[in-house]
Amino acid sequence: MDSGEDDIPQVQCLAATKQTNEQLSKKRKKYGRMSAVSKMLKIQSHEMGSDCQCLRGCFRRVNETSRNKILSDFNLMRSHDEQNSYLCGLITVIPVQRRRPRVENARENQASYAYKVRVLKDNMLVEESICRKAFISIHGISKAKVEFLVKSLKSAGTSPKDKRGKHLNRPHRVSNETVDLIRDHIQSFKGRSSHYSLHKSNKTYLPEELNVSKMHQMFQTKYPNAKVSYETYRQCFCSDFNISFGYPRTDTCSKCDELTAKITGLQKQLKNNRESDDVANINKEITSLENEAKLHKIKADVFYKRKTRAKQLCKQSVEHEAISMDFGKNLQLPNITTNDIYYKRQLSMYAFNIHELSSAKSIFYLYPETEGKKGSDDVSSFLHNFVYEHLDEKIRHLHIFCDSCSGQNKNFTMIRFLHYLVYEAKKLDSIKVTFPVRGHSYMECDKNMGLVNTKSKAELPSDWIEVFENARKNPFPFKVVSIDNQFCRQWTKFLDTLYMKKCPFATRTIKELKISKEGNGNEQKLMLRSSYYAAWDKCSILPKKKTHSSTVCAENEFLMPEKSYDGPLPIKKAKYNDLKDLKIFCSSAAQEYFTNLPHLDE
């Protein structure tokens, strides 16, 4: 019994000793975002104390509303220096007028202090004198804080400055050499710039499967002797670079973004402005912008309604067909999992998609950058192959939906090529092209590209062809046409001999284009309009003097343009060298393929 009673205090003593040691042990200092958040919370989390209950009645003279307003404004201050300056402005140092020591050799105060707060009374700012305890309670500060402020006022006459983090004694500071290593490592990643923006931007995009954490791990693997934390790496990444993850895939509507930003700014201005005249003007401007945004979206919706109507017509008539066409996301060769691909240039694989709206059949023209480009001659060659090889012979009327990319779809070469199909080759009776409102061009081609697993392992062009063929089963698998450098033709040069060389009208504003034999067979004019509901304008693109002979040789035989490329297109020497470094991670067949790639000798 006695021994048991003796053990209890001993256990309690050990527990107390352990707790004391834990309390006295130095905690690990936090860096980075958590440290900044905790510092800000410490500054802005003051809570009001209890009533001072003094004879002055400080809490009665400063009502609850005023006290809450004082504390709220105090918590909104963003630094210790700002708070210290504010508090010192409310403290008055009063020299001692007369000393009456009651005890011999008593400690004498050098000064006395008066405390006050500023409150609104009857729409007037007045200063209310309060006691020290009320001053501490209202601001939610400690007694030691007030003594610290008073000491600074006595010695220097100014508010104290926060010196935390200002010292130069930093034994663990990251050296300039290490910072340069981090920057060089981030710059070694091969990013892309957005090709959708009209303005030049320094922002680059890295692959979507990459992130800062993975980049930091790759840095540690590459430089094992450099001790760099994740937060240090991330801070350098965010402060010194303008990089985002995930390549931009679809257009962004700058008009929608601009109108939304203006409306949001005016709504904020409306909240802060209470004058009746300004409120009326702001409301009027907001209404005008909202109507403009609504009209813009209605116009954008017309494109999709036209596409839906064309799709329904194609299902009802065997002579009509509607297609959407577009280039998909550029793919990479080799597409492997090694980290070295993020530092090296890779071979680009292009994918041009033509989708039939009536049957949902879809054809991909797939080729590496050494076999072709992405210009108007290439697009015309793909469309020519589709019309003659894949389009049903019963089709006489074709409706095309495509974006307004001037280098690919919306150009004079493409317009003349479509006119050639109707009047010269007589393959179709009419062709109509509808362009969307800029930024609102999401079509079936984007959905098809979304079905392709772009993270699949691929070392050769044939690997990507297999990926595309297996990407969809219903309603039909994707049909893939492998393109070589002998496929594309010089349609621009060929059409210069049949039509005007210079476009007689502006192509930028065109929303719809129509080429039809009905009621226009002799004139052979094309019709265009700059709005979905505007009147059609007729325009001739034939030369004034016809100097060319017919392209028809015999029945169903036509002259064809010359080939665009004499052989494989060479890549730059720097890219070739990067591919040589990457081929060691590939199979022997891929190594041979990359070794034999044509390249420029720079």
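Described in the following lines is the structure provided in the data block. (Residues numbered from 1 in each chain as written. Predicted model: local features only at pLDDT ≥ 70, side-chain atom pairs only at ≥ 80, totals over all residues. Heavy atoms only, no water.)

1. As for the nonpolar core
Part 1 of the reasoning: One finds Leu383, Ile400 and Leu418 to be the most contacted residues of the largest nonpolar core, which totals 51 residues.
Part 2 of the reasoning: In terms of residue count, the dominant contributor to this core is helix H14 (residues 412–424) (nine residues).
Part 3 of the reasoning: Each residue touching Leu383, except ones within four places of it in the same chain, is listed here: Ile323, Met325, Ile354, Ile400, Met414, Phe417 and Leu418.
Part 4 of the reasoning: One finds Ile182, Trp464, Cys586 and Ala590 within the second-largest nonpolar core, a separate group that totals 45 residues. (Core = buried A, V, L, I, M, F, W, Y, C linked by side-chain atoms within 4.5 Å. Buried < 20%, exposed > 50% of the residue type's maximum accessible area, 1.4 Å probe, protein only. Helix = DSSP H or I, 4+ residues; strand = E, 2+ residues; numbered from the N terminus. Contact = heavy atoms within 4.5 Å.)

2. Regarding the pairing of strand S12 (residues 430–434)
If a strand is regular, its side chains alternate between the two faces of the sheet.
Part 1 of the reasoning: Of all five residues that make up S12, four are buried, and the element is covered over most of its length.
Part 2 of the reasoning: In the classification by handedness, the crossover that spans strand S11 (residues 397–402), the intervening H14 and the parallel S12 is right-handed.
Part 3 of the reasoning: Note that S12 and strand S14 (residues 512–516) share five bridges and pair antiparallel. Bridge pairing in S14 links Lys432 to Lys514. (Right-handed = clockwise from strand over helix to strand, strands pointing away. Pairing = 2+ DSSP bridges.)

3. Things to note about empty space enclosed by the protein
Part 1 of the reasoning: By the definition in use, this model includes one cavity of 30 Å³ or more.
Part 2 of the reasoning: Each pocket or cavity is described by its volume, and for the largest cavity that value is around 50 Å³.
Part 3 of the reasoning: In terms of lining, the largest cavity is formed by Met325, Leu383, Ile400, Cys402, Asn409, Met414, Ile415, Leu418, Val433, Phe435 and Leu513.
Part 4 of the reasoning: The set of elements that each furnish at least two residues to the lining of the largest cavity consists of S11 and H14.
Part 5 of the reasoning: Examining the composition of the lining of the largest cavity, we find that three residues originate from one element, H14, more than from any other. (1 Å grid on protein atoms, 1.4 Å probe; cavity = no way out; pocket = protein on both sides within 12 Å on 5 of 7 lines; lining within 4 Å. Points joined across faces, edges and corners; volume = space filled by probe spheres on them.)

4. Overview of helix H7 (residues 143–155)
Part 1 of the reasoning: Taking 1.5 Å per residue, 13 residues should reach 18 Å; H7 reaches 19 Å between its end C-alpha atoms and fits that length.
Part 2 of the reasoning: For H7, the set of buried residues is Val146, Leu149, Val150, Ser152 and Leu153. The buried residues of H7 occupy one face: seen down the axis, they fall within an arc of 160°. Residues of H7 that are exposed and point more than 90 degrees away from the buried face comprise Lys143, Ala144, Lys151 and Ser155.
Part 3 of the reasoning: Its buried side turned inward, H7 meets helix H5 (80–88), strand S1 (91–95), strand S2 (111–121) and helix H6 (132–139).
Part 4 of the reasoning: One or two steps after H7, the chain reaches Gly157, where phi turns positive at roughly 80°. (Expected span 1.5 Å × (residues − 1). Arc of directions from axis to C-beta.)

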